[in-house]
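Structural characterization, general
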Amino acid sequence: MLRVGSSAACVACRSLVSNNMGVKFRIPLQKLHPLSRAIHHRYSGNNNPHRTPHRTAARYFTSMSRLPMRSMKPPPGSGGHRHQQQRNFWVARLAARLLRLRYILLGTAVGGGYTAKKTYEEWKDLLPDFSEYNWVVPDFVWELSEHIDLDKLAKALPEMEEIAKLLPDFEKIGENFTFLKGLLSSSVSLGSEVKGVSGLLLLENAGDPALKATDSSTGAAPDTSDKQYKKSSDKEKIDQLQEELLRTQLKYQRMLERLEKENKELRKVVLQKDDKGIHQRKVKKSLIDLYSEVLDILSDYDSNYNTQDHLPRVVVVGDQSAGKTSVLEMIAQARIFPRGSGEMMTRSPVKVTLSEGPHHVAMFKDSGREFDLTKEEDLAALRHEIELRMRKSVKEGHTVSSETISLSVKGPGIQRMVLVDLPGVISTVTTGMASDTKETIFSMSKAYMQNPNAIILCIQDGSVDAERSLVTDLVSQMDPQGRRTIFVLTKVDLAEKNLASPNRIQQIVEGKLFPMKALGYFAVVTGKGGTGESIDAIKDYEEEFFQNSRLLRDGMLKAHQVTTKNLSLAVSDCFWKMVRESVEQQADVFKASRFNLETEWKNNYPRLRELDRNELFEKAKNEILDEVISLSQVTPQLWESILQKKLWERVSTHVIENIYLPAAQTMDSGTFNTTVDIKLKQWTDKQLPHKALEVAWETLQEEFARFMAEYKGKDQDDIFDKLKEAVKDESIKRHKWNERAMDSLRVIQHNALEDRSITDKPQWDAAIQFMEETLESRLKDNESVIRDMVGPDWKERWLNWLNRTPEQHIRNETKNELDRVLKLHDDHTAYLASDEVTTVRKNLEARGVEVDPVLIKDTWHQLYRRHFLQKALTHCNLCKRGFYYYQRHFVDSELECNDVVLFWRIQRMLVITANTLRQQLTNTEVRRLEKNVKEVLDDFGEDLEKKTQLITGRRVQLAEDLKKVREIQEKLETFIEALHKEK
């Protein structure tokens, strides 16, 4: 039998062994170990009446059966079976020991890890907080960390011994810190140590009794005899601590410069490498370009810079010659702006988009040329181009312009941001400037700074008196709280040299001198003043100056407040912070604006397409060209008919008054022909060809205008009226008729008028008809003139209740008297003799009518003209049958039709001239006019101001606004998406 032990484990094991051996035990519950009793109560509830304690214990410790146990001695005579059991026993023991070793190692690792972590936390608490210096390691490094081979990078890093040399002596710093703690009797942060030291120095100079405090280490008051020694010892330790802090700061600065230089080279190599590793950098590089495109679109859309545009920019403002351009060039790392000694060089806003790239280049928004900023000839060409664009943007009579010049600069290590350089603020308008230059610059600066998200980079010249500054007052008006202003003090080297009290510089950079507030204050040096200095030379000079300057050594300036490098980092961080905070809100503003514009369009122009000004101009251009082309489709018959009619209207008066009537009133056939020949030749040599060309040119203009008017009537859209009228006027103004055609036309007309041979009866009849129409028209005009002279007749007076005026009454009496003269002398000459005038006057006076001789002659002229035209028409009717006599040359015939021959000659000249002019029009002038129209349209198409003047109306402006707002919103959404990806 097995003996029952006292432990529950033994009881359970022995019960298990007994069960396996076929022996059953029953052990009283009171004799069980407390653990066994707990197991019994756990597994022997009311629901388990059949569970016994020893069965439960056996089941609970079933897994223990798998552990190696000391086996029983086999019975004698077992042989090989016994040897096998012994071998299995040693294997089980070895496995158990190995498992025990594993547990020991695991426990050691856990304990050691906890100890290491606790030690690390203790060391971490002892180190200062470097979270403020995260900017030292750019985002670029973190983004490329996934793609960098860490083994290669570790080999490239300096050895630990070299890094240890750069670290400060922590033991000495610890001693000094303990000393300061004892003096101040309170713990101070690392950032306030320098201020505390300075306070001690001031207290010492002022004889403050605070230095007589008790020693914190002993708690006893200092001995009076050792007071002077204590003071000198304390001062030495304070000086030693200051030197140690400055030395440590310089060591860190050198290490940062070294790391930054290596980082810059690494960036350049990686950016030039075309693989997947730079995908994130491409997104980042295009991010600032997307944002710059949005600003360019806004600049074109909103030239007045309305408050709707609240997208952030870095607005650079300052007094003239304060160093704005130099600061920008240091940030851009290139001398890209034109320079002048005291002269205003910045005459218009210059938007500079800075971004990172493998090569240092610059490019204008509207040009494809890249300027290599590492080459001096390209830099000179860039400066010259900027100066030309500025001068071109300034209108006549002005000094500055609000037109923005967009420039992008890319290069390794350049901070991403968008800066707008504005003309310098001036206090006095000098000779050569427009009288409103000062006010224009102020209003332009206010317009840019009133954007609530604009970052104001206020540049102040440190070499001049602060009281002479104008820009600080302007900035304080636009940003009273200083929530988006960064103050930059330039020319600090000159300021330190010239100022008697350097503390004035400290007051400026602490915001205590100017009545303006700012987010940050920076002090920079932008060179020695020479125009030929390179950027690298300026950087070296700036770093050397601040390293040796007592402004930094005495604690007047902090290390993060100096150099343009720190300035560019701070401005870039502030810019992107402002962008992230405001860009989505601005996108929502433009989204709402787009919805309002689309709603207005649907309500007012539901059936029209949304065509902006450029699209409308192209549509009008095609219509105008179609109208010009339609001139070539006019038939030759129509051209000749129009030309012949217009030419006769132009020359008919001269033919009747100066050729026909003087010759016909001679009453002699020979004199008539001679007079006609002479007058026709004179007319042809001097007037007729010129009149014909004028008629042709006017006809072309009228036909062109007629076609445009007909097209307008079909379209019923008056939006192109101004444009078409301007194109027509400008094309006609540029068109010059070919004057060489006048000589050939003169010869043709002269030959046509010399011919008197009417070959057939139809020509004769046509000439008689032309003569009748002309004479009847003239007679009708003459009757109208006489009617106006004498007033209404008796029918009109009775029926229409009209009366003659006294002058008309005298005219009427004179007319009646002269009619009697014509009845008595039917063949009277055209001129009234003097005695006949006297006779008429006396006869009128006898009837009580006082008449002036001039009035008599004037009335006679109209009456005789009517009498003559009536006789000519009668003679014309008789000549209808006179072609036989004309053809047979019957000289002795009483029927002489020389006047019919004259009108035939005139009619033939008209036909030949119209035919000649038509050929010139269709072959030459129409094509030249079409060419002129195309040139005018091309010129207008390139002139945005001209298109804005000629294509106007709410419909055009609404379409323009809608297109721009859509484009801005789409660009903003693309930019926001890229911005989120970058995060």
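Residues numbered from 1 in each chain as written. Predicted model: local features only at pLDDT ≥ 70, side-chain atom pairs only at ≥ 80, totals over all residues. Heavy atoms only, no water.

1. Points about the overall build of the chain
The secondary structure content of the chain amounts to 35 helices and nine strands. Split into buried and exposed, the 983 residues of the chain put 40% on the buried side. Sequence separation of at least 24 residues holds for 78% of the intrachain contacts in the chain that already meet a minimum separation of 6. Accessible area for the chain stands at about 57000 Å²; split by element, carbon and sulfur atoms hold 52% of it. (Helix = DSSP H or I, 4+ residues; strand = E, 2+ residues; numbered from the N terminus. Buried < 20%, exposed > 50% of the residue type's maximum accessible area, 1.4 Å probe, protein only. Contact = heavy atoms within 4.5 Å. Areas by Shrake-Rupley, 256 points an atom, 1.4 Å probe, with all protein chains shown as cover.)

2. Digging into a nonpolar patch on the surface
Nonpolar side chains collect at one region of the surface, where Trp794, Trp798 and Leu799 lie side by side and expose about 480 Å² of accessible area between them. Tracing the backbone through its elements, the reader meets Leu799 in helix H28 (residues 794-800). By relative accessible area, Leu799 is classed as exposed at 68%. (Patch = residues over 30% accessible without salt bridge, like charges linked within 9 Å, V, L, I, M, F, W, Y side chains within 5 Å. Salt bridge = Lys/Arg side-chain N within 4 Å of Asp/Glu carboxyl O.)

3. Focus: the nonpolar core
With 98 residues, the main nonpolar core has Tyr660, Trp683, Leu700, Trp764, Ile906 and Val933 as its most contacted residues. Non-local contacts of Val933, meaning those with residues more than four positions away in its chain, are made with Ile624, Leu625, Val628, Phe704, Val727 and Ser731. (Core = buried A, V, L, I, M, F, W, Y, C linked by side-chain atoms within 4.5 Å.)

4. Digging into the packing of aromatic side chains
For the structure on display, the rule yields 15 aromatic pairs. Ring geometry for Tyr660 against Phe903: centres 5.3 Å apart, planes inclined by 65 degrees, an arrangement best described as edge-to-face. Of this pair, Tyr660 sits in helix H22 (residues 636-664) while Phe903 sits in helix H33 (residues 898-942); the two residues are 243 residues apart in sequence, bridging distant segments of the chain. Judged by its relative accessible area of 1%, Tyr660 is buried. Pairwise contacts between aromatic rings join Trp648, Tyr660, Phe770, Trp860, Tyr864, Phe868 and Phe903 into one cluster. We note Arg389 situated over the ring of Phe364; from NZ or CZ to the ring centre the distance is 4.1 Å. Above the face of the Phe707 ring, Arg706 is positioned so that its terminal group lies 4.8 Å from the ring centre. (Phe/Tyr/Trp six-rings, centres within 6.5 Å; stacked < 30°, edge-to-face > 60°. Lys NZ or Arg CZ within 6 Å of the ring centre and 35° of its normal.)

As far as function goes, none of this settles anything; it's purely spatial.
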